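This is what each chain is made of:
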Amino acid sequence: MHPVRRQRLLIVLVIVVGASLAAGLIFYALRDNMNLFYSPSDIAAGKAPVDARIRAGGMVRAGSVQRPADGIEVQFVVTDYAADLTVRYSGILPDLFAEEQGVVVTGRLGGDGVFEASEVLAKHDEEYMPPEVSEALKQSGHIPVKP
Amino acid sequence: MIPELGTFCLILALCLAGVLAVVPLWGAASGRTALMALAAPLVAGLFTFVAIAFGLLVAALVGDDFSVQYVAGHSNSLLPLPYKISAAWGGHEGSLLLWLLILSTWALAVAVLSRALPLDMRARVLAVLGMVAVGFLAFVLFTSNPFARSLPFFPSDGADLNPLLQDVGLILHPPMLYLGYVGFSVPFAFAIAALLGGRLDASWARWSRPWTNAAWAFLGVGIALGSWWAYYELGWGGWWFWDPVENASFMPWLMGTALVHSLAVTDKRGLFRSWTVLLAIFTFSLSLLGTFLVRSGVLTSVHAFASDPSRGVFILGFLAVVVGGSLLLFALRAPAVSRHASLRLLSREYFLLINNVVLLIAVLTILFGTLFPIVADALKLGKYSVGPPYFNAVFMPLMMVLITFMGVGPLLSWKDTRDFNARKLLLGPAVAAVLVGLLFPAAYGGAFSWQVALGAVFGGWLLLLTLVDIWQKLRPGRRGLAGASRLSRSYWGMVLGHLGFAVLAFGVTFTSQYSVEQDVRMAVGESVQAGDYQFTLSGVEPVRGPNYQGDRGTVLVSRAGRQVATLAPEKRRYSAGSQVMTEAGIAAGLFRDLYVSLGEPLADGSWAVRVQVKPFVRWIWLGALLVAGGGVLAVTDPRYRRALRQTQRAGAAVAAAGTA
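Note that the structure is predicted; figures quoted are calculated from it, not measured.

1. Re the overall build of chain B
Along the backbone of chain B there are 21 helices and eleven strands. Relative to a compact globule of 660 residues, whose C-alpha radius of gyration would be 26 Å, chain B shows 27 Å and is just as compact. Along the first, second and third principal axes, the C-alpha set of chain B runs to 95 × 80 × 55 Å. With 660 residues in all, chain B has 52% of them scored as buried. A separation of at least 24 residues holds for 75% of the contacts in chain B among residues at least 6 apart in sequence.

Printed below as a string of structure tokens:
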């Protein structure tokens, strides 16, 4: 084969193999790893799939955080002030977790309507609220009021 | 008065950068030596004024001038002095000023160390750096001036630096990271200068290589420091989260890795020239994209400071100008300088091409995972997040492919390897690597897992083949250690980098698979078993620091009845802003870390506690430092300085011939 053609063939080969490898990997990896966000109202309206990995979020309702007398399970209510969602979690809550503060949880919605969280995120300070949460609050018509 | 002086210095710097961006280029285009020679003094002036501005910001922080908004927002009169100084880069405006300081430092270094470059090349390189400086100075002055005041009503004390950032890791991490990020502006400037001058030859690659290696090494150290900081300071023992901001720094590093290797081909063989230029443009563009992602507030993470849409729009515009402008220039000029040459399968350049393609794919898949949620949100498709499992699933197989070729590449010759004895060179290491992979879990005493086996196989493959390569290179003269000095420092840099990568691969796999983590409820006096270790909470006492108070636990760790460590995890509440922080108690070791963090106090006086045993976690940062050390070693190769001197002599000869 002509050297220039041979070289082009080699380069094209690498690119084609590489591109299909990349596409295959991306589609394989995306199957279960894209987590869509649902607000408590969405979930109450039955829009969220049961037993699929999703994210949910809102404000932690005051006085709703319960811990049993032993173990480190915790249960709390996340609300967008239009609907409530009960969340169960086993583990240590993040430092920034607090009642009346925004929170985003990742996990699965059980058949009983309780959200089993595998991860609780509360990356906020006084000024900052997760954008998903402020959006959800806006949609439910409850602009968060600063304490 | 002092803050106004700071703003004034920045305005002067902007004017100088504006002149620097235009005049030397004009001189180079019209052949006027006097105009070209202006570049270096202009860079010196730019550096001086930016450095003064930075010094003034530090002075305002140290002097507790809370009339300056930035100082009020990021410092506090109770803050210890080192953190007052490091607060200069603890917030958005200040960190951009640090960015500018580092950019002008790089420009000054190029001006001083590249005196031997042809005058027009040097003028063009410095002018391109001037253009970048114009963009960032305008950004600072128009959207994020750190010297802005809140007069006449200013707070009597500051809001304090985020407690997460009150740490030695923060003093070091951003400057290192920025030295890398911004350092990629130098190869970018060399690439653009080469395109402008039509001088896209091997000597251009040779000039650019040490700068690229240096920036790449700094970025590697910066990323490793960030990972280490997250590990001990966020308090929960994670060392990599595939957080968008981490990705933002990791993508330029990966692209930079491709660039470092592609530059080698252009330097040694004169091939891949256009490709190398493109990589230099991409690497710097990814650095800018990282800045955009971090500074615009489109992301939600610990790194995202204040969100302000005008800033995002500015950086996006700047990014569009840089990428669009350089690609346009590339389209106009590159065909004129490209060249065809033969490329054979069993040649080092072909394996380096594979390296480049794999790294490019890795960057694209990470870019996709990072940008997809933002794009989906902008298009109203829903609020997605792409989690770590995606990144692990795409990244790990790619690294296996990379390592497979990485082991073999150095064994091959440039152009063509005629007498390559695959069976003799590769069979032994392959069998040994597989044996190591199968036996390691048993030797370690852990359960067999195919991830550990794969990690050990690929790490072992890279390690063994690198050793085989050293042996091959030393053998011809049979001179043993004396032969070692015959090999270039660039070669030893490559060896160190590859060995470091193998160490990193071991560390990542073993830590991920063999870590033991338990969240438990513990009262004082209670114990919990994690792996071979027993953790006992022996007490919790209140503590008081300069600007916080909290509780400190005492945790005794024993193994087989013998005490091995005493850990002191803390829970702190900072006075200003009443932010709560978890300070982990860590006993570090080469083969395992013991890690305890206090969760929250529970009703009956017991605590939620997380105990972890993390084997080989130090290997991750050790490996990353070795990789960066390889880059540093390559920078010091005398070959580059020799090349510069030759250029200078050739230039002088041409000049002499011209006047004769």
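2. Quick notes on the overall build of chain A
Helix and strand counts for chain A come out as three helices and six strands. Put simply, chain A runs from its N terminus to its C terminus through helices and strands in the order α-β-α-β-β-β-β-β-α. Residue burial in chain A is summarised as follows: out of 147 residues, 33% are buried. When contacts within chain A are restricted to residue pairs at least 6 apart in sequence, those whose partners lie at least 24 apart make up 53%.

3. Brief notes about the interface of chain B and chain A
Listed as interface residues are 39 residues of chain B and, on the opposing side, 32 residues of chain A. Within the residue set of the side of chain B that touches chain A, elements represented by two or more residues are α14 (348-378), β1 (384-386), α15 (388-408), β2 (516-522), β8 (580-583), β10 (592-601) and β11 (607-615) of chain B. Among the elements that line the side of chain B that touches chain A, the one with the most residues is α14(B), at nine residues. In the side of chain B that touches chain A, the residues fall into 24 nonpolar, ten polar and five charged.

4. As for unusual backbone geometry
Its identity as a non-glycine residue notwithstanding, E100(A) has a phi of 65 degrees, on the positive side. Mapping E100(A) onto the fold places it in the loop between β4 (84-90) and β5 (102-109). In the Ramachandran plot, F616(B) falls in the positive-phi region, its phi being about 60 degrees despite a non-glycine side chain. Judged by the 24 C-beta atoms lying within 10 Å of it, F616(B) is buried.

5. Side note on the domain arrangement of chain B
Residue and element names in this part refer to chain B. Domain boundaries in chain B define domain 1 (1-165), domain 2 (167-347), domain 3 (410-514 + 619-626) and domain 4 (516-618). Here the C-alpha centroids of domain 1 and domain 4 sit 42 Å apart. Domain 1 puts eight residues into the contact, and the matching count from domain 4 is seven residues. Looking at the side of domain 1 that touches domain 4, its residues break down into six nonpolar, one polar and one charged.

6. Overview of the confidence of the model for chain A
The share of residues in chain A with pLDDT of 70 or more is 85%, and the mean pLDDT across the chain is 80. Ranking the elements of chain A by mean pLDDT puts helix α3 (residues 131-139) of chain A last with 71 and β4(A) first with 93.

7. Digging into the nonpolar core
As a rule of thumb, soluble globular proteins bury nonpolar side chains together. Membership of the largest hydrophobic core comes to 194 residues, with the highest contact counts inside it found for A13(B), V43(B), L46(B), L100(B), A107(B) and L126(B). Per element, the largest residue contribution to this core is 17 residues, and it comes from helix α10 (residues 202-233) of chain B. Grouped together as the second largest cluster of nonpolar side chains are 49 residues, A56(A), M522(B), L598(B) and V611(B) included.

8. Some remarks on the packing of helix α1 (residues 2-30) of chain B against helix α3 (residues 39-62) of chain B
All names here are of chain B. In the contact formed by α1 and α3, the axes pass within 8 Å of each other and the chain directions differ by 160 degrees. Classified by the angle between their axes, α1 and α3 sit roughly antiparallel to one another. Between α1 and α3 the crossing geometry is left-handed. A per-class count over the contact of α1 with α3 returns 24 nonpolar, two polar and no charged.

9. Considerations on the sheet that holds strand β9 (residues 585-587) of chain B
All names here are of chain B. Ordered in space as β2-β11-β10-β9, the four strands form an open sheet in which the pairing is antiparallel. Edge strands, defined here as strands with exactly one partner in the open sheet, are β2 and β9. Averaged over all adjacent pairs, the angle separating strand axes in this sheet is 15 degrees, with direction ignored.

10. A short note on the environment of G317(B)
Residue and element names in this part refer to chain B. Assignment of secondary structure puts G317 in helix α13 (residues 309-337). For G317, a count of 13 C-beta atoms within 10 Å corresponds to the partly exposed category. Taking the C-alpha atoms as reference points, G317 and G135, 182 residues apart in sequence, are found 10.0 Å from one another.

11. Remarks on α3(B)
Look at α3(B): 35 Å from first C-alpha to last across 24 residues, which is about the 34 Å you get at 1.5 Å a residue. Once α3(B) finishes, D64(B) follows within two positions and takes phi at roughly 50 degrees, a positive value.

12. With respect to the environment of H92(B)
Within the fold, H92(B) resides in helix α6 (residues 92-113). Assessed through the 23 C-beta atoms surrounding it within 10 Å, H92(B) is described here as buried.

13. Points about the pairing of β10(B)
Residue and element names in this part refer to chain B. Here β10 lies mainly inside the structure; eight of its ten residues are buried. Strand direction decides the pairing type here: β9 and β10, joined by three bridges, are antiparallel. When the sheet's bridge partners are listed, I586 is paired in β10 with Y595. What sits between β9 and β10 in their antiparallel hairpin is a turn of four residues. In terms of strand pairing, β10 meets β11 through eight bridges, oriented antiparallel. Directly across from D593, in β11, lies its bridge partner K614. In sequence, β10 turns back onto β11 through a hairpin of five residues, with G605 there showing a positive phi of about 90 degrees.

The rules behind these values
Each chain carries its own residue numbering, running from 1 in the direction its sequence is written. Just so you know, chain letters begin at A and ligand numbers begin at 1, following the order they were written in. The predicted origin of the model limits local features to residues at a pLDDT of at least 70 and limits the giving and counting of side-chain atom pairs to 80 or more, whereas totals for whole chains, interfaces and linings rest on all residues. Helix and strand assignments come from DSSP, with helices taken as H or I runs of at least 4 residues and strands as E runs of at least 2, each series counted from the N terminus. C-alpha atoms define the radius of gyration, and 2.2 Å times the number of residues to the power 0.38 defines the globule rule. Using C-beta atoms placed from the backbone, we call a residue buried if 20 or more other C-beta atoms fall within 10 Å of its own, exposed if 12 or fewer do, and partly exposed for counts in between. Any residue pair is listed as a contact if its two C-beta atoms, each placed from the backbone, are within 7 Å. Polar here means any residue outside two lists: the nonpolar Ala, Val, Leu, Ile, Met, Phe, Trp, Tyr, Cys and Pro, and the charged Asp, Glu, Lys and Arg; Gly therefore counts as polar. Note: domain ranges come from an automatic or database domain assignment. The predictor rates its confidence in each residue with pLDDT, a number between 0 and 100. The term nonpolar core refers to a set of buried Ala, Val, Leu, Ile, Met, Phe, Trp, Tyr and Cys residues connected through C-beta atoms within 7 Å. Every angle, taken between N-to-C directions, lies between 0 and 180 degrees, and every axis is a line fitted to C-alpha atoms, over only the stretch in contact when it is a helix. Comment on the angle field: the value is read as roughly parallel under 35 degrees, roughly antiparallel over 145, roughly perpendicular from 65 to 115, and oblique elsewhere. Crossing handedness: left-handed means the near helix sits turned counterclockwise from the far one by under a right angle, and right-handed means the same turn made clockwise. One requirement defines pairing of two strands: DSSP has to find at least two bridges between them. To estimate the expected span of a helix, subtract one from its residue number and multiply by 1.5 Å.

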